[in-house]
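For reference, the chains in residue letters:
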Amino acid sequence: MVSSKGNKNGRLILYDSMAVPGQQVSLVADLVEEALFTHAPLGGEVLLFLHEGHALGRAMTGGDGRAVKPFVASAVGVAAVTVRVEDTRRVTAPESTARVFIWNRKRPFIIAALSALVPRSRGPAVGLPMPDFGAKAQPPEGKA
């Protein structure tokens, strides 16, 4: 819970998600305190979720600083969703925007890691010096 002593600086994090048209997806936002070494969750704050300038609704952050709002995607494509702190008397945080990727179930897609597409080298690693065990050690110049 946020104390009433002063105004805290926070950070809103809204996560991207994938959806199918006509089905519900959960929009998840985290509100954490912006500090030097720690990011303590800020609970008890009301967040406003927006889609194309229209309010989707409000959700309150729990003790873990997380708020969840259901969203039903209507058309195939990419939808931008924004979240912001409703009442800024106790916490100020810049708004956050995420994308909801709405994909038709009839068109398959593949998600692959880019590193999986790059072939691995079978030889020694490039750029690492390889010791030459067959060569005789040479004394430094000037010392014999």
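For every chain, the first residue of its written sequence is number 1, and the numbers climb from 1 along that sequence. Where totals are concerned, whole chains, interfaces and linings use all residues; where local detail is concerned, this predicted model gives features only for residues with pLDDT of at least 70, and gives and counts side-chain atom pairs only at 80 or more. With hydrogens and water set aside, each side-chain value is computed from the structure's full complement of heavy atoms.

Describing the overall build of the protein
Point 1. For the protein, the count of helices and strands is 1 helix and 9 strands.
Point 2. To sort residues, take the accessible area from a 1.4 Å probe on protein chains only and compare it with the maximum for the residue type: under 20% means buried, over 50% means exposed, and anything in between is partly exposed. Counting every position in the protein, which comprises 144 residues, the buried fraction comes to 28%.
Point 3. Residues count as neighbours in contact if any of their non-hydrogen atoms are within 4.5 Å of one another. Long-range pairs, those at least 24 residues apart, make up 59% of the contacts in the protein with a sequence separation of at least 6.
Point 4. With residues, only the protein chains shown are counted as cover, and all accessible areas are computed by Shrake-Rupley using a 1.4 Å probe. Of the roughly 10600 Å² that the protein leaves accessible, carbon and sulfur atoms contribute 57%. Strands are runs of DSSP state E lasting at least two residues, helices are runs of H or I lasting at least four, and both sets are numbered from the N terminus onward.

Quick word on the environment of His-39
Point 1. Looking at the secondary structure, you find His-39 in the loop between strand E3 (24-33) and strand E4 (46-51).
Point 2. What makes His-39 partly exposed here is its relative accessible area of 46%.
Point 3. Excluding residues that lie within four positions of it along the chain, His-39 makes contacts with Val-32, Glu-33 and Glu-34.

Here we look at the pairing of E4
Note on strand geometry: in a regular strand, side chains alternate between the two faces of the sheet.
Point 1. For E4, the buried fraction is high: 5 of the 6 residues fall into the buried class.
Point 2. A pair of strands is treated as paired once DSSP finds two or more bridges between them. Adjacent in sequence and paired antiparallel, E4 and strand E5 (residues 54-60) are bridged by 2 residues, among which Glu-52 carries a positive phi angle near 55 degrees.
Point 3. Bridging between E4 and strand E7 (residues 77-85) involves 5 bridges; their strand directions are antiparallel. Its bridge partner being in E7, Leu-48 is matched across the sheet by Arg-84.

Considerations on unusual backbone geometry
Point 1. The phi dihedral of Glu-52 is positive, around 55 degrees, even though this residue is not glycine.
Point 2. Tracing the chain through its elements places Glu-52 in the loop between E4 and E5.
Point 3. A relative accessible area of 64% places Glu-52 in the exposed class.

Details of the nonpolar core
Point 1. To form a nonpolar core, buried Ala, Val, Leu, Ile, Met, Phe, Trp, Tyr and Cys residues must be joined to one another through side-chain atoms within 4.5 Å. Counting residues in hydrophobic clusters, the biggest one holds 23 residues, and the most contacted among them are Leu-12, Leu-14, Leu-31, Leu-47, Phe-49, Val-83 and Val-100.
Point 2. Secondary-structure elements contributing two or more residues to this core are strand E1 (8-14), E3, E4, strand E6 (66-72), E7 and strand E9 (96-102).

Quick word on the sheet that holds strand E2 (residues 17-19)
Point 1. Spatially, 5 strands are ordered E2-E9-E7-E4-E5 in an open sheet, and the strand pairing comes out mixed. Either end of the sheet is taken by a strand with one partner, and the two such strands are E2 and E5. When strand polarity is set aside, the average angle formed by the axes of neighbouring strands in this sheet is 30 degrees. To get an axis, a line is fitted to the C-alpha atoms, and for a helix only the part in contact is used. The angle between two axes follows their N-to-C directions and goes from 0 to 180 degrees.

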